[in-house]
Amino acid sequence: MKNNLIERYIYAVTRHLPDKEAEEVSREIDELITSMLEESADNPGNEDEKVRQVLTELGSPEAMAREYTGRANDSLIGQPHYSLYLRVLKFVLMAVATGISVGLLVSAISEGPLPGTDSGAWLNWSVDAVVEWFTSLTTALLSGFAWVTIIFAVMYHKGVKLDYDMDDLDDLPEVPQEKARIGRGELIGDVVFTTLFAILFIVLPYVNIPIIGIDPKPISLFTPEVLISVRYLLMVSILTMILEVVVKFIDGRYSLRVFGAMILTNLVSIITVFTWLGNKDAMNPVFSARFQEATGLSAYGVNGQPVPGFGGRWAMLPLPFLIVIVVVTVVSIIEIISAGIKAFQYRK
């Protein structure tokens, strides 16, 4: 039955369920509501009053979700927390696996034997790298699983609500339009990027991004001491990224809360790149020296000359860093505007 309040109620029940299960539950609830409305056809009141009476009898969306998925209240994690728990757990484990693998690969390459070294050294390096990857990955996955499980178990048993209170049916969330929904691919990208960023620039500051080909040993692109000096700002940036992902997970669409989280994240990102890459010592001097020796070109400014259109110290920053600062600033502003438009345009 087509009714805005009914659609919002069904959406509130199924919003955290897997897609296939959500379709089946939506169909069953719609049929149940239709049947109940037919039985109350002779009752006094208009259609809206009858719909409200039926939905009130059905109870809160959280209780309905538990009933339709058969999750008992005495389980470790019940509905609606369980469905969201599974989704978050998958993303966390995937992000941890990707981040740990990439981070250890970068670290292994930077610490590997020099070209021309005998095969025994290469074999030992390979075995050590595989063992370290396996043990680190196993430990990280178990830790991620444990923390996510503990957090959601506490949330469930403490009665932390993920949805809207049922004190008033008008408080039910609106069913988002397709363009307002946040796709799974976007969330995966956010989680993977956040994990890689944290590992490369906070966990492995002395490795960060190793550049190969201009020296027998890989050289880190960024100056480790500068990374360490801005580590607290980088941590704040990571925390705002995590906050944004969590809000996107819970809301599942471009809401005012998502808009607010994205404003915070992007503003912190702009401050971070200006503070970090705007530092004249951000580029590893060893890398810049080897780069100039290998190519005959200076990494600063435009081959050692001030960048047109920029003044002061900005004109002599490494050109790639200056480009990154401009791109991050422009993209952040565009993201904020786009999220704001979607949040206000599709909030009803």
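What you are looking at is a predicted structure, and each value in this text was computed from that prediction instead of being measured.

Asks: It is not clear to me how the overall build of the protein should be interpreted in this structure. Could you clarify?
Replies: Helices and strands together make up the secondary structure of the protein, namely 12 helices and two strands. When the elements of the protein are put in sequence order from the N terminus, they spell out α-α-α-α-α-α-α-β-β-α-α-α-α-α. For the protein, the proportion of its 348 residues judged to be buried stands at 42%. Considering only contacts in the protein between residues 6 or more positions apart, those separated by 24 or more positions represent 70%. Taken as a whole, the protein presents about 18600 Å² of accessible surface, with 63% of it coming from carbon and sulfur.

Asks: Just to check I follow, could you spell out the packing of aromatic side chains for this structure?
Replies: A ring pair, where both rings are aromatic, is described by two values, the distance of the centres and the angle of the planes. Per the counting criterion, the structure on display carries 10 aromatic pairs. Aromatic side chains F222 and W276 sit 4.9 Å apart centroid to centroid with 50° between the ring planes, which places their arrangement in the tilted category. In this pair, F222 is assigned in the loop between β2 (219-220) and α8 (224-229) and W276 in helix α10 (residues 256-276), connecting sequence segments 54 residues apart. Assessed through its relative accessible area of 6%, F222 is described here as buried.

Asks: Could you clarify how one ought to interpret the side chain of T272 in this entry?
Replies: For T272, the location among the structural elements is in helix α10. With residues up to four places along the chain from it excluded, the contact list for T272 reads L233, L234, S237 and L277.

Asks: Quick question: what am I supposed to make of the packing of helix α7 (residues 184-203) against helix α9 (residues 231-251) here?
Replies: The axes of two packed helices give the description: the angle between them and the distance between them. It is at 10 Å that the axes of α7 and α9 come closest, and there the two elements cross at 165°. Considered as vectors, α7 and α9 are oriented roughly antiparallel to each other. Handedness of the crossing formed by α7 with α9: left-handed. For the pair α7 and α9, the contacting residues are E186, L187, D190, V191, F193, T194, F197, A198, F201 and I202 in the first and L234, M235, I238, M241, I242, E244, V245, K248 and F249 in the second. Residues of the contact of α7 with α9, tallied by class, amount to 14 nonpolar, one polar and four charged.

Asks: So what exactly am I meant to see when it comes to helix α6 (residues 119-157) here?
Replies: The α-helix winds at 3.6 residues per turn, so residues separated by three or four positions along the chain end up facing the same way. Compared with the 57 Å implied by 1.5 Å per residue over 39 residues, the 57 Å span of α6 between its first and last C-alpha is a close match. The set of residues buried in α6 consists of L137, A140, G144, V148, T149, F152, A153, M155 and Y156.

Asks: Looking at this structure, how should I read unusual backbone geometry?
Replies: A negative phi holds for most residues other than glycine; trans holds for most peptide bonds. With a phi close to 35°, N208 is a non-glycine residue in the positive phi region. Tracing the sequence through the fold places N208 in the loop between α7 and β1 (210-211). Phi at N303 takes a positive value of approximately 55°, unusual for a residue other than glycine. Of note, N303 is situated in the loop between α11 (285-295) and α12 (319-345). Assessed through its relative accessible area of 43%, N303 is described here as partly exposed.

Asks: Help me understand the pattern of salt bridges, please; the structure alone is not making it clear to me.
Replies: Between side chains of opposite charge, pairing is possible as soon as their charged atoms come close. The tally for this structure, following the rule as stated, stands at three salt bridges. With its nearest N and O atoms 2.8 Å apart, the salt bridge here joins E244 to K248. With E244 and K248 both in helix α9 and four residues apart, this pair spans about one turn of that helix. An identical accessibility class is assigned to E244 and K248; each is buried.

Asks: Sorry, what's going on with the nonpolar core here?
Replies: Among soluble globular proteins, nonpolar side chains are generally buried collectively. Counting 33 residues, the largest nonpolar core has I100, F201, F222, L234, W276 and F321 as the members making the most contacts within it. Tallying contributions element by element places α7 first for this core, with five residues. In contact with F201, other than residues within four places in its own chain, are N208, I209, F222, L227, L234 and W276. Counting residues in each nonpolar core, the second largest holds 24 residues, with V88, F152, F249 and A339 among its members.

Asks: Help me out: how do you make sense of α7 in this one?
Replies: Taking 1.5 Å of rise per residue, the 20 residues of α7 would be expected to cover 28 Å, and the 27 Å separating its terminal C-alpha atoms lies within 8% of that figure. Among all positions of α7, only L187, V191, V192, T194, T195, F197, A198, I199, L200 and F201 are buried.

Asks: What should I look at first to understand the packing of helix α1 (residues 4-14) against helix α2 (residues 19-39) in this one?
Replies: Packing of α1 against α2 brings their axes to within 10 Å, and their N-to-C directions diverge by 140°. Regarding the angle of α1 to α2, the classification is oblique. Both α1 and α2 take part in a crossing whose hand is right-handed. On the side of α1, the interface is formed by I6, Y9, I10, V13 and T14, while α2 contributes A22, V25, S26, I29, D30, I33 and L37. Grouping the constituent residues of the contact of α1 with α2 by class yields nine nonpolar, two polar and one charged.

What counts, and where the lines are drawn
- Residues numbered from 1 in each chain as written.
- Predicted model: local features only at pLDDT ≥ 70, side-chain atom pairs only at ≥ 80, totals over all residues.
- Heavy atoms only, no water.
- Helix = DSSP H or I, 4+ residues; strand = E, 2+ residues; numbered from the N terminus.
- Buried < 20%, exposed > 50% of the residue type's maximum accessible area, 1.4 Å probe, protein only.
- Contact = heavy atoms within 4.5 Å.
- Areas by Shrake-Rupley, 256 points an atom, 1.4 Å probe, with all protein chains shown as cover.
- Phe/Tyr/Trp six-rings, centres within 6.5 Å; stacked < 30°, edge-to-face > 60°.
- Axes fitted to C-alpha atoms, helices over the stretch in contact; angles between N-to-C directions.
- Parallel < 35°, antiparallel > 145°, perpendicular 65-115°, else oblique.
- Left-handed = near helix turned anticlockwise from the far one by under 90°.
- Nonpolar A, V, L, I, M, F, W, Y, C, P; charged D, E, K, R; others polar.
- Expected span 1.5 Å × (residues − 1).
- Salt bridge = Lys/Arg side-chain N within 4 Å of Asp/Glu carboxyl O.
- Core = buried A, V, L, I, M, F, W, Y, C linked by side-chain atoms within 4.5 Å.

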